[in-house]
Amino acid sequence: MNNFTSYILAHSVLGQFFLFVLSILVLILMACVILLMLSKKNKDKDFTKKMFQVQDEERQRIYRDLHDTVAQDLRYSLLLMSQLEDESISNENKIKILEQLKENQKQNLEMVRNICYNLTPSQISATSIASSLQLLCESVQKKSGFKVNFMILEGTDFSSFSQEDLNNIYRIIEEALNNSIKHSGGTEISLFTRMNEDRTKISTFVTDNGKGIPEDILNKLNSKNYKSFKKNGNVHFGIQNMKQRAQLLNANLLFSSIEGDGAEVLLEIPTGGFHD
């Protein structure tokens, strides 16, 4: 066999070997893609399943609110009205019953209004978000017993945000307040909002005087790859929802704490504004 034939055969073998290796790599790559697609599909299924679970839990919460408050108040109102039909009751007592009935219906109306507002706050606008947040703080204080301080510095301008943006801001702050109520073990919360000097960013701080957040949990909360985790056997989606809303705002969401000395949630939202 001459040198030319040997050269051709050698390169032919190398070419076949190269094609074989390339084929194996392509198959491995295809397998990885399929596994990623299956993994994503499973994650999507898990997420959808969990979202349905959250929706069911929310329906149960609304049911309890309606059953334990509104329905009970309506029954009490019916009882009062039946007493008014009793001819043996004096007019003076009937007037007292009417006052009780009036007061009961006022409380019932307030409860229905709170339930509806918690589901969807009414049309938050750039000019009304400050008053909406103040009402939220007052509602949280009334329901929780916490002292809730509220302050938005004069000149803080939300006019560059859309209706959807404002709703996301409101919901992030609402979740931060609720988390402090549920987990801080404190007695006081402060909500402070200001705009930076060049008007390109709005910063909102939610702080409490509670026990703080353990370092391992704090690291999870600030992780870029945060995933909802179980606590007391239940999966909590509140932080994940906050992070998703922050992403929609292109905002920075940061959790900080000194264990035993309270916690702080910082939301930094770019406005797109410029220095005048």
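Just so it is clear, the model here is predicted, and its values are computed rather than measured.

(A) Structural detail: the overall build of the chain. What the chain contains, in helices and strands, is 6 helices and 7 strands. Ordered by position from the N terminus, the helices and strands of the chain form the series α-α-α-β-α-β-β-α-β-β-α-β-β. Split into buried and exposed, the 276 residues of the chain put 28% on the buried side. Here the analysis covers contacts within the chain between residues at least 6 apart in sequence; of these, 64% occur between residues at least 24 apart. Carbon and sulfur atoms form 58% of the exposed surface of the chain, whose accessible area is close to 18600 Å².

(B) Structural detail: the packing of helix 4 (residues 163-183) against helix 6 (residues 238-248). Closest axis-to-axis distance for the helix 4/helix 6 pair is 9 Å, and the angle between their directions is 150 degrees. One finds that helix 4 runs roughly antiparallel with respect to helix 6. Where helix 4 crosses over helix 6, the two elements pack in a sense that is left-handed. Two secondary-structure elements touch here, helix 4 through Asn 167, Asn 168, Arg 171, Ile 172, Glu 175, Ala 176 and Asn 179 and helix 6 through Gly 238, Ile 239, Met 242, Arg 245, Ala 246 and Leu 248.

(C) Spotlight on the side chain of Asp 208. Structurally, the position occupied by Asp 208 is in strand 3 (residues 201-208). The side chain of Asp 208 sits in the buried core without any salt bridge; Lys 211 is the nearest counter-charge, 9.9 Å away. Within the structure, Asp 208 has its side chain in polar contact with the backbone nitrogen of Gly 210 (distance 2.9 Å). Excluding its chain neighbours within four sequence positions, the residues that come into contact with Asp 208 are Ser 180, Ser 184, Glu 188, Ile 189, Gly 262 and Ala 263.

(D) Expanded view of the packing of aromatic side chains. In total, this model carries 2 aromatic pairs according to the counting rule given. Pairing Phe 158 with Phe 161 gives two aromatic rings, centres 6.1 Å apart and planes at 50 degrees, and the pair type is tilted. Assessed through its relative accessible area of 4%, Phe 158 is described here as buried. Judged by relative accessible area, which is 10%, Phe 161 ranks as buried. Ring geometry for Phe 192 against Phe 205: centres 6.0 Å apart, planes inclined by 25 degrees, an arrangement best described as stacked.

(E) How the structure looks around the sheet that holds strand 6 (residues 252-257). Taken together, 5 strands build an open sheet; the order of strands is 1-2-3-7-6 and the sheet is mixed. Strand pairing shows two members of the sheet lacking a second neighbour, strand 1 (147-152) and strand 6, which therefore form its edges. Going across the sheet, the axis of each strand differs from the next one's by a mean of 10 degrees, ignoring polarity. Note that strand 6 and strand 7 (residues 263-270) share 6 bridges and pair antiparallel. Within the sheet, the bridge partner assigned to Phe 255 lies in strand 7 and is Val 265. Taken strand by strand, helix 3 (residues 129-144) contacts strand 1 and strand 2 (188-195), and its axis lies near 170 degrees from that of strand 1. Helix-sheet contacts for helix 4 involve strand 2, strand 3, strand 6 and strand 7, and the interaxial angle to strand 3 is about 15 degrees.

(F) Region of interest: the confidence of the model for the chain. In the predicted model, the chain carries a mean pLDDT of 77, and 67% of its residues have values of at least 70. Note that residues 2-15 has pLDDT below 50 and, in this model, 2 contacts with residues that lie over four places away or in other chains.

(G) Main features of helix 6. Taken together, the buried positions of helix 6 are occupied by Gly 238, Ile 239, Gln 240, Met 242, Lys 243 and Ala 246. Positive phi shows up at Asn 250, right after helix 6, with a value of about 55 degrees.

(H) Focus on the pattern of salt bridges. Tallying each qualifying case throughout the model produces 3 salt bridges. The partner of Arg 199 in a salt bridge is Asp 157, with the nearest N and O atoms 3.7 Å apart. Placement of the pair is Arg 199 in the loop between strand 2 and strand 3 and Asp 157 in the loop between strand 1 and helix 4, with a sequence separation of 42 residues. A salt bridge links Glu 174 to Arg 171, with the shortest nitrogen-to-oxygen separation between them at 2.6 Å. On the criterion of helical spacing, the pair formed by Glu 174 and Arg 171 is a turn pair, its members being 3 residues apart in helix 4. Arg 171 sits in the buried class, given a relative accessible area of 13%.

Conventions adopted
Residues numbered from 1 in each chain as written. Predicted model: local features only at pLDDT ≥ 70, side-chain atom pairs only at ≥ 80, totals over all residues. Heavy atoms only, no water. Helix = DSSP H or I, 4+ residues; strand = E, 2+ residues; numbered from the N terminus. Buried < 20%, exposed > 50% of the residue type's maximum accessible area, 1.4 Å probe, protein only. Contact = heavy atoms within 4.5 Å. Areas by Shrake-Rupley, 256 points an atom, 1.4 Å probe, with all protein chains shown as cover. Axes fitted to C-alpha atoms, helices over the stretch in contact; angles between N-to-C directions. Parallel < 35°, antiparallel > 145°, perpendicular 65-115°, else oblique. Left-handed = near helix turned anticlockwise from the far one by under 90°. Lys, Arg positive; Asp, Glu negative; His and termini not counted. Salt bridge = Lys/Arg side-chain N within 4 Å of Asp/Glu carboxyl O. Polar contact = N/O pair within 3.5 Å; in protein donor to acceptor, adjacent residues only side chain to side chain. Phe/Tyr/Trp six-rings, centres within 6.5 Å; stacked < 30°, edge-to-face > 60°. Pairing = 2+ DSSP bridges. pLDDT = per-residue confidence, 0-100.

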